Structure formats: structure tokens, C-alpha cells
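Each chain is listed here by its residues.
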Amino acid sequence: MNYYLGIDCGGTFIKAALFDTSGKMFGCVRENVQVISEQAGYAERDMHELWQVCATVIRKTIEHSQIAASNIKGIGISAQGKGAFLLDQQNKPLGHAILSSDQRALDIVKQWQSAGIPDKLYPMTRQTLWTGHPVSILRWVKQHEPTRYQQIGAVLMSHDYLRFCLTGELFCEETNISESNLYNMHTGEYDPALAELLGLTGITSKLPPIIAANEIAGYVTPEAAELTGLCVGTPVVGGLFDVVSTALCADLDDETKLNAVLGTWSVVSGITTHIDDSQTLPFVYGRYAQAEKFIIHEASPTSAGNLEWFVKQWQLDYQQINQLVSELEPAASSVLFIPFLYGSNAGLGMQAGFYGIQAHHSQAHLLQAIYEGVLFSLMHHLNRMLQRFPQATLLRVTGGPTKSNIWLQMLADFTGMKLEIPQIEETGCLGAALMAMQGVGEANNVFQTQTMFSVEPNPAYFTAYQQKYQRYQQFTKALQAMI
């Protein structure tokens, strides 16, 4: 039997899993990857360490699965998008990678906004501008570390770097690089005029060739094989932006379905065959992993990472939290939580906090407010996406909170939408493995046998959630005056 390795490099963990062509998983190993934050707003990653941890999870996955490496016929990588992984002109890591959650370029983005740069970019790139974009980071490096900027030999994103470590070949994968603000969405190519507009003249020469998600980029080198336990010559495909991977695993096939991801980021995605110029909102488009399709998504780092931070502070487990929250009346508390520990979707520079706490409130009320705040932030994106996808009535949900029945019920009750949860444990790994299967011409039947767990909304709580959501909106609007 043939097996395919999917690697998922996220904001907190890197994972590897093996799948057969039916999508059945045979072993999965994950390891934490350190985020380095030596100054306020900084989020970096040691590139040498990332590769070593990646090699370790691959080797452990092969060992734990007891599947011979010779039966692994292809490898794909799904990864967090944006950020900047820089190599020097000898293809060595050029300092730490700067992640998409980094905010050091805040002043630069504000200056661009004041100058109307986003409005000039959008017709060509179909992207907004924010601190974690490669262009924002590159402009910061150019201004603050000019020597480092001059030494750049290649600009990559995280899965491009890991693929290079496996194969020795340099490429930029299309679903990810198409959202860099250096890629023209209409021509499907890099556009030097975009770099010129952003004060990054010449940087497009540092961008490797574009490769499709399911196209073979190279083959495992002897050096990588020794570290990982893989066989020399195993094909490695382009891979995926992790938002695309989750959309694939949610099996989105028309504009009546949307996918919500509740992970480190809150993301709402939909699939379309065309760019709609009639829309007044600047929807973010990206190339999808299926020919002639685009993914549209709204996102912000305002999701379950907030809960994870509090779990560490209070030393609770998720079962305890679910029990505490389930014992409270839905949406009845006055406590609000603004989930902006890692970024905001209500204004650059906004921060997290509680409001409305009184003496009778307990830890359970604060936890309930965190659950609600994450969903209220998600609703900002969902409402906007429903303008672009007015026929959408079904919301497919992926990410860590899908393990919490209480959180899922809150989402259904709040939105009034039916939820479907794909019964896939590792959407990032599986999506990457699917690209590997396609790359070597292997047929698969993953979605023919996929089951969905459904959650129906309870109309009794819809009004209470909507009223509390209005208070949340009023509060965030008031906070904007403090920035």
C-alpha cells in the first residue's frame, strides 16, 4: 500500500502524519516550536531549530506508524501564511524568520494607509495591508536593518523554507505567495510595479519561481533523508497555505458553504470561480488548490490562542473549562472579553481586556466571556463574508474548538446557522498529503467516505447572543478612540 506524508507547520506546533489514499491516518506526531518574542510586538522563529524539529517529527511519525519509508510515495507541507523567511545569497538562514503575528511594522502600515497605498494595491493584488505581510516586514528590514536587507538572496514563507530543507530546491508555492502583495492576481505572476509602489524596488528578483500546490518541487536529498528517516528521492510537492488546506478538508464545493477555522487565527473562507468587482468591501483573494478557483477569506489572530494563554496562567484543562461554562446561562453575564492578545480586527494597535466584571462574577464568567469574545470577533468576519456569499446557509467548522461541544453550540446559537464539523483530526496534514497524492498521480477517495458531525442552532438563545454582540461592538468602537 502507498502512503503519503503531510506536514503542518503552524503558529505553535509542527506536526507530521501519514495517510493512505482513503485519508486514513497512520500515526501523527507533533512538537512545539518556540516563538521568540524578545521585544513587544516581535514574533520570530529560529529557522535552524524549525528544520530540526520538523525532521524530528517526520522521523518519529515513521517510527511510530511502523510503516517502511520506502512505502511513502510523496510529501506535502501545509503552513501558516505570510511572514518572511529570509535566506542569504548562499541560501543560509538570514537571521530569525519573522512570523505573520509580528507587529513591528505597525508604523509603516499606518504610513501606507495614510498615503492611500492599500487602495492602489488592491485592484492588482486583491490583498489588504497589515503588519504580518511579507512586504510590511521587508520594508521594516530595509529601514531598520539595511545591511541585512542587502544580503537577502531569497524571500520565502515557512513551507517554502521547509521544502528547501528537504529538497535543496527553491520555489514559492502559489496559494501562499499569491497573498504576498507582490503577486498580481490577474496575471498570476510577480509584478515589479507592486514592489516599486511599496518602496521595495528590486525585491522581486529575490523571489524564487512560483510552483503549484500539487506540482513536484524536488526530491528528498541524502542529507535530509539521514535526518528524517525518509528515502532519498521521495517526491516533495509545492504544498499549501494552511487556510487552503482546511478549506479542502471542509470539502467546499460551491458558494452555499463557508468554512470557519478557530485556531490561532479566526478565519472564514469561501470558494469562488471569479473575482467580483461589484463588491464594496476589500475581500482578500488567493489562488486555490484547484484550477481556475479562488479562495476568499477574512481573518485575524483573535481566536483560540486567547484561551490558550489563559489556560497557561490559570493552569486549567479544557474539560474543566467546558464544565464551568456549561453551568452558566448562555449570554446572560455582563462580562465582555476583547480577544486581541495577538492582534485585532477592530483597529491597528488595539489590545485585549475584560469589561463589565462585578463582585458576584466568578472565574467561570470570565471563561464564558473568552468563549463569547472569540465568537464575537469571528462574527465580524462572518458577517462580511455573508455579503460576498449571500447564499451561504451552512458553516463548516475546523480547529481546536471543535473538540468543545459547548463552544460549538454557542456558535450555532449565536449565528443561527447549522454547523457541520468534518471528522478529520489533522486538516493541515491531510490537505498537504492530498497535494502529494495528486502530484504523483495517485487517485484518492477521501471525501467519498467522509462523515460530518452536525450542530443545529437553538433559536431560544439567538436574541440574547445578538444583544450581547451589540454591546461587544459598542465597546470595541469606544476603545478605538483610545488608540
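Here the residue index of a chain counts from 1 through its sequence in written order. With the structure being a predicted model, the display of local features is reserved for residues of pLDDT at least 70 and the display and counting of side-chain atom pairs for 80 or more, all residues being used for whole-chain, interface and lining totals. In computing side-chain values, all of the structure's heavy atoms are included and hydrogens and water are not.

Taking an unreviewed UniProt entry as the reference, the protein is identified by name as FGGY-family carbohydrate kinase belonging to Pasteurella oralis. UniProt positions are given in the numbering used here, feature names are shortened, and annotations may be inferred rather than shown by experiment. Here the protein is described in UniProt, under the heading Sequence similarities (unreviewed entry), as follows: "Belongs to the FGGY kinase family."

(A) Here's a closer look at the pairing of strand β16 (residues 257-262). Burial within β16 is extensive, with six of its six residues counted as buried. Partly exposed residues are those whose accessible area sits between 20% and 50% of the maximum for their type, while under 20% is buried and over 50% is exposed, using a 1.4 Å probe and protein chains only. Numbering of helices and strands runs from the N terminus; a helix is a DSSP stretch of H or I covering at least four residues, while a strand is a stretch of E covering at least two. With burial as the criterion, each face of β16 is covered, one bearing Lys-257, Asn-259 and Val-261 and the other bearing Leu-258, Ala-260 and Leu-262. Here, a strand pair is defined by DSSP locating no fewer than two bridges between the strands. Pairing geometry for β16 and strand β22 (residues 394-398), over five bridges, is parallel. Paired with Lys-257 across the bridge in β22 is Leu-394.

(B) A look at empty space enclosed by the protein. With a 1 Å grid spanning the protein atoms alone, the term cavity applies to any set of points in which a 1.4 Å probe fits but cannot get out, the term pocket to an open set with protein on both sides within 12 Å along at least five of seven lines, and the term lining residue to any residue with an atom within 4 Å of a point. Grid points are joined across faces, edges and corners, and a volume is the space filled by probe spheres set on the points. One pass over the full model with this rule turns up one cavity of 30 Å³ or more. By volume, the largest cavity is sized at about 40 Å³. For the lining of the largest cavity, the per-class residue count stands at three nonpolar, five polar and two charged. Polar here means any residue outside two lists: the nonpolar Ala, Val, Leu, Ile, Met, Phe, Trp, Tyr, Cys and Pro, and the charged Asp, Glu, Lys and Arg; Gly therefore counts as polar.

(C) Looking closely at the side chain of Ser-303. With respect to the helices and strands, the residue Ser-303 is situated in the loop between β19 (294-300) and α11 (305-314). A distance of 3.3 Å separates the side chain of Ser-303 from the backbone oxygen of Gly-263, its partner in a polar contact. Polar contact is the term for a pair of N or O atoms within 3.5 Å; when the atoms are in protein, one must be able to donate a hydrogen and the other to accept it, and sequence-neighboring residues count only if both atoms are side-chain atoms.

(D) Fine view of the pattern of salt bridges. Salt bridges are defined by distance alone: a side-chain nitrogen of Lys or Arg within 4 Å of a carboxyl oxygen of Asp or Glu. Per the counting criterion, the structure on display carries 15 salt bridges. Taking the shortest distance from any N to any O, the salt bridge between Arg-388 and Glu-255 comes out at 3.4 Å. Of this pair, Arg-388 sits in helix α13 (residues 363-388) while Glu-255 sits in the loop between α10 (242-249) and β16, placing them 133 residues apart in sequence. A relative accessible area of 22% means that Glu-255 is categorised as partly exposed.

(E) Structural detail: the packing of α11 against α13. Helix axes are fitted only over the stretch in contact, all axes being lines through C-alpha atoms; the angle between N-to-C directions runs from 0 to 180 degrees. Running from N to C, α11 and α13 point in directions that differ by 160°, and their axes come no closer than 10 Å. Compared by their axis directions, α11 and α13 come out roughly antiparallel. Taking contact as the criterion, the partners of Leu-307, Phe-310 and Trp-314 in α11 are, on α13, Gln-363, Leu-366, Leu-367, Ile-370 and Tyr-371. Angles are sorted into four bins: roughly parallel if under 35 degrees, roughly antiparallel if over 145, roughly perpendicular if 65 to 115, and oblique for all others. For this analysis, residues touch if any pair of their heavy atoms sits within 4.5 Å.

(F) View of the layout of surface pockets. Looking at the second largest pocket, its volume works out to about 490 Å³. Together, 22 residues line the second largest pocket, and Gly-11, Thr-12, Val-35, Ser-101 and Tyr-342 are the ones closest to its centre. The biggest single contributor to the lining of the second largest pocket is α11, with four residues.

(G) Fine view of a nonpolar patch on the surface. A cluster of nonpolar side chains, Trp-309, Leu-341 and Tyr-342, forms an exposed patch at the surface whose accessible area comes to about 260 Å². Along the chain, Trp-309 falls in helix α11. Trp-309 gets classed as partly exposed once you look at its relative accessible area, which sits at 36%. Here the term patch refers to residues with relative accessible area over 30% and no salt bridge, with like charges joined within 9 Å and nonpolar side chains (Val, Leu, Ile, Met, Phe, Trp, Tyr) within 5 Å. Note on areas: Shrake-Rupley with a 1.4 Å probe; residue coverage comes only from the protein chains shown.

(H) Region of interest: the sheet that holds strand β18 (residues 284-287). One open sheet accounts for seven strands, arranged β18-β19-β17-β16-β22-β23-β24; its pairing is mixed. On the outer flanks of this sheet lie β18 and β24 (452-455), each paired with one strand and no other. If you compare each strand with its neighbour and ignore which way they point, the axes differ by 30° on average. Seen against the sheet, α10 touches β16, β17 (266-272), β18, β19, β22 and β23 (418-422) and runs at an angle of roughly 115° to β19.

(I) Spotlight on the environment of Tyr-288. Considering the arrangement of structural elements, one finds Tyr-288 in the loop between β18 and β19. Given the relative accessible area of 6%, Tyr-288 is considered buried. Apart from the residues within four sequence positions on either side, Tyr-288 is in contact with Thr-175, Val-244, Ala-247, Leu-248, Ile-271, Lys-293, Phe-294 and Ile-295. Here the side chain of Tyr-288 touches Leu-248 through a polar contact of 3.4 Å, landing on its backbone nitrogen.

(J) Structural context of the environment of Asn-405. As for its position among the elements, Asn-405 is in helix α14 (residues 405-415). Judged by relative accessible area, which is 55%, Asn-405 ranks as exposed. For the pair formed by Asn-405 and Asn-322, sequence separation is 83 residues and the distance between their alpha carbons is 8.2 Å.

(K) Seen up close, the packing of helix α2 (residues 106-114) against helix α4 (residues 134-144). Contact pair α2 / α4: the axes reach a minimum separation of 9 Å and the direction vectors enclose 110°. The angle between α2 and α4 places the two elements in the roughly perpendicular class. Listed contacts from α4 to Ile-108, Val-109 and Trp-112 of α2 are Val-135, Ser-136, Arg-139, Trp-140 and Gln-143. Partitioned by chemical class, the residues of the contact of α2 with α4 number five nonpolar, two polar and one charged.

(L) Structural detail: the UniProt feature "domain: Carbohydrate kinase FGGY N-terminal" (unreviewed entry) in the protein. Cross-referencing UniProt, the feature "domain: Carbohydrate kinase FGGY N-terminal" (unreviewed entry) maps to residues 3-249 in the present numbering. When the span residues 3-249 is considered, its composition is 36% helix and 24% strand, and the gap between its end C-alpha atoms is 18 Å.

(M) Here's a closer look at unusual backbone geometry. At Gln-66, a position not held by glycine, the phi torsion is positive, near 60°. Along the chain, the position of Gln-66 falls in the loop between α1 (47-65) and β5 (72-79). You will see that Glu-292, though not glycine, has its phi angle at about 65°, which is positive. One can find Glu-292 in the loop between β18 and β19. Taking relative accessible area as the criterion, Glu-292 reaches 68% and is therefore assigned exposed.

(N) Expanded view of the side chain of Asp-160. Along the chain, Asp-160 turns up in helix α6 (residues 158-167). Side-chain polar atoms of Asp-160 contact the side chain of Arg-163, separated by 2.6 Å. Discounting residues that sit within four places of it in the chain, Asp-160 has contacts with Phe-171, Cys-172 and Glu-173.

(O) The arrangement of the packing of aromatic side chains in detail. Side-chain rings of Phe, Tyr and Trp, where Trp is taken by its six-membered ring, are said to pair if the distance between their centres is within 6.5 Å; with planes under 30 degrees apart they count as stacked, over 60 as edge-to-face, and otherwise as tilted. A complete count under the given rule lists 18 aromatic pairs for this structure. With centroids separated by 5.2 Å and ring planes inclined at 45°, the aromatic side chains of Phe-310 and Trp-314 adopt a geometry described as tilted. Of the two residues, Phe-310 and Trp-314 both sit in helix α11, four residues apart, roughly one turn of that helix. When the ring of Tyr-355 is compared with that of Phe-475, the centres are 4.7 Å apart and the planes differ by 25°; the resulting orientation is stacked. Of this pair, Tyr-355 sits in strand β21 (residues 353-355) while Phe-475 sits in helix α16 (residues 462-480), and the two are 120 residues apart along the sequence. Classification of Phe-475 by relative accessible area gives buried; the value is 16%. An aromatic cluster of at least three residues, connected via ring pairs, comprises Trp-309, Phe-310, Trp-314, Phe-337 and Phe-354. Criterion for a charge above a ring: Arg CZ or Lys NZ at most 6 Å from the ring centre, at most 35 degrees from the ring normal. The ring of Trp-140 carries the charged tip of Arg-104 above its face, separated from the ring centre by 4.8 Å. Geometry around Phe-389 places Arg-388 over its ring, the cationic atom sitting 5.0 Å from the centre.

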